[in-house]
Amino acid sequence: MAQSVEHAQSEPTLEIVLMSRTHVDEVLDIERESFANPWRRRDFEYALDRSNGFAIVAHQSALAVGYAIGFFVRGEFHLASLAVRRGLRQRGLGAALLSRVIEVARERGARVVTLEVRMSNASAISLYEKAGFSRIAIREDYYSHPPEDALVMMKTLRDNPWGP
Ligand SMILES: CC(C)(COP(=O)(O)OP(=O)(O)OC[C@H]1O[C@@H](n2cnc3c(N)ncnc32)[C@H](O)[C@@H]1OP(=O)(O)O)[C@@H](O)C(=O)NCCC(=O)NCCS
């Protein structure tokens, strides 16, 4: 299945659905190939069980090709993780997932979307900046394995996000 996706002449249809427990095995594959310090199964299950959690999976030809997961906290949606299957990057899938996250955050009344990203993660920082995120702070020694500072980024979803 993965082979037919990678070698297809035209891109197969992209479907983005809410993540459920049935997706976690495939999501863990993507997670483990994407991060040095990956979330474990119980981290995803915990997030899926939270009433303020929101998670989506992108599918192409029945293969999970990427996911995004985060939490609504008052007027904020905090994007905790976003990744695309390694062999399928740089085809617009990350941008499509991020765009859906922003759309849903706006629909559900969030004022801002926030996230942390490793300072060295130029591809992700570029993805976020193209989607309208700004650099707002640095959290020193935020990451371990390997240790690194985090860049905090934010996208406002309203003209006056701190107003009534
Ligand atoms: C970051 C990530 C999600 C991007 O997904 P993707 O599907 O490759 O991204 P897209 O193809 O939609 O690219 C959108 C934009 O991201 C940026 N980008 C993506 N890959 C890039 C690369 N290798 N180098 C530089 N910029 C890159 C570009 O700005 C790109 O816009 P462009 O196509 O106009 O150049 C993907 O690289 C990934 O899963 N990385 C590992 C996990 C990770 O780091 N997640 C972010 C945690 S905060």
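All values derive from a computational prediction rather than experimental measurement. (Residues numbered from 1 in each chain as written. Predicted model: local features only at pLDDT ≥ 70, side-chain atom pairs only at ≥ 80, totals over all residues. Heavy atoms only, no water.)

I keep staring at the pairing of strand E3 (residues 63–73) and nothing clicks. Help me out?
Across a regular strand the side chains alternate sides, sitting on one face of the sheet and then on the other. With 10 of 11 residues buried, E3 lies mostly within the body of the structure. Pairing of strand E2 (residues 53–60) with E3, which is carried by eight bridges, proceeds in the antiparallel orientation. Along E3, the bridge assignment pairs Ala58 with Gly66. The antiparallel hairpin formed by E2 and E3 contains two residues in its connecting segment, where Ser61 sits at a positive phi of about 50°. In this sheet, strand E4 (residues 76–84) lies alongside E3 in antiparallel orientation, the contact comprising eight bridges. In the sheet register, Tyr67 faces E4, and the bridge partner there is Ala83. In this structure, the hairpin formed by E3 and E4 is closed by a connection of two residues, where Arg74 is found at a positive phi of approximately 50°. (Buried < 20%, exposed > 50% of the residue type's maximum accessible area, 1.4 Å probe, protein only. Helix = DSSP H or I, 4+ residues; strand = E, 2+ residues; numbered from the N terminus. Pairing = 2+ DSSP bridges.)

Would you explain the site of the ligand in this entry?
Around the ligand sit 21 residues, and of these Leu82, Gln90, Gly92, Asn121 and Ser126 come closest. Residue Leu82 places a main-chain N or O atom 2.7 Å away from a nitrogen atom belonging to the ligand. Gln90 is positioned such that a nitrogen or oxygen atom in its backbone is 2.7 Å from an oxygen atom of the ligand. Protein burial of the ligand: of its 910 Å² of free accessible surface, 74% is covered by the chains. Of all the cavities here, the one that holds the ligand is the largest pocket. Element by element, the count of residues in the shell around the ligand is highest for helix H5 (residues 122–130), at six residues. Class assignment of the residues belonging to the shell around the ligand gives a composition of 10 nonpolar, seven polar and four charged. (Near = heavy atom within 4 Å. Polar contact = N/O pair within 3.5 Å; in protein donor to acceptor, adjacent residues only side chain to side chain. Areas by Shrake-Rupley, 256 points an atom, 1.4 Å probe, with all protein chains shown as cover. 1 Å grid on protein atoms, 1.4 Å probe; cavity = no way out; pocket = protein on both sides within 12 Å on 5 of 7 lines; lining within 4 Å. Sits in = over half its atoms within 2 Å of the grid points. Nonpolar A, V, L, I, M, F, W, Y, C, P; charged D, E, K, R; others polar.)

I would appreciate a short explanation of the environment of Met154 in the present structure.
Tracing the backbone through its elements, the reader meets Met154 in strand E7 (residues 148–156). As for Met154 and Gln60, which are separated by 94 residues in sequence, their C-alpha atoms are 29 Å apart. Excluding residues that lie within four positions of it along the chain, Met154 makes contacts with Val112, Val113, Thr114, Gly132, Phe133, Ser134, Ile136 and Trp162. (Contact = heavy atoms within 4.5 Å.)

Looking at this structure, I do not really get the nonpolar core. What am I missing?
A general trend in soluble globular proteins is that nonpolar side chains are found buried together. Ranked by internal contacts, the top residues of the largest apolar core, which has 31 residues, are Phe77, Leu79, Val117, Tyr128, Phe133 and Met153. Residue assignment for this core shows that the elements contributing at least two residues are E2, E3, E4, helix H4 (93–107), strand E5 (112–118), H5 and E7. Listed in part, the 14 residues of the second largest apolar core include Met19, Val24, Ile30 and Phe71. (Core = buried A, V, L, I, M, F, W, Y, C linked by side-chain atoms within 4.5 Å.)

Looking at this structure, how should I read unusual backbone geometry?
For residues other than glycine, phi is negative in most cases, and the peptide bonds are mostly trans. With omega at -5°, the peptide bond leading from His145 into Pro146 counts as cis. For Pro146, the position within the fold is in the loop between strand E6 (134–143) and E7. Although it is not a glycine, Asp141 sits at a positive phi angle of roughly 55°. Note on placement: Asp141 falls in strand E6. Of note, His145 is a non-glycine position whose phi angle comes to about 50°, a positive value.

Teacher, can you tell me more about helix H3 (residues 41–49) here?
Residues three or four positions apart in an α-helix share a direction because the helix packs 3.6 residues into each turn. Among all positions of H3, only Asp43, Phe44, Glu45 and Ala47 are buried. Contact partners of the buried residues in H3: helix H2 (24–34), E2 and E3.

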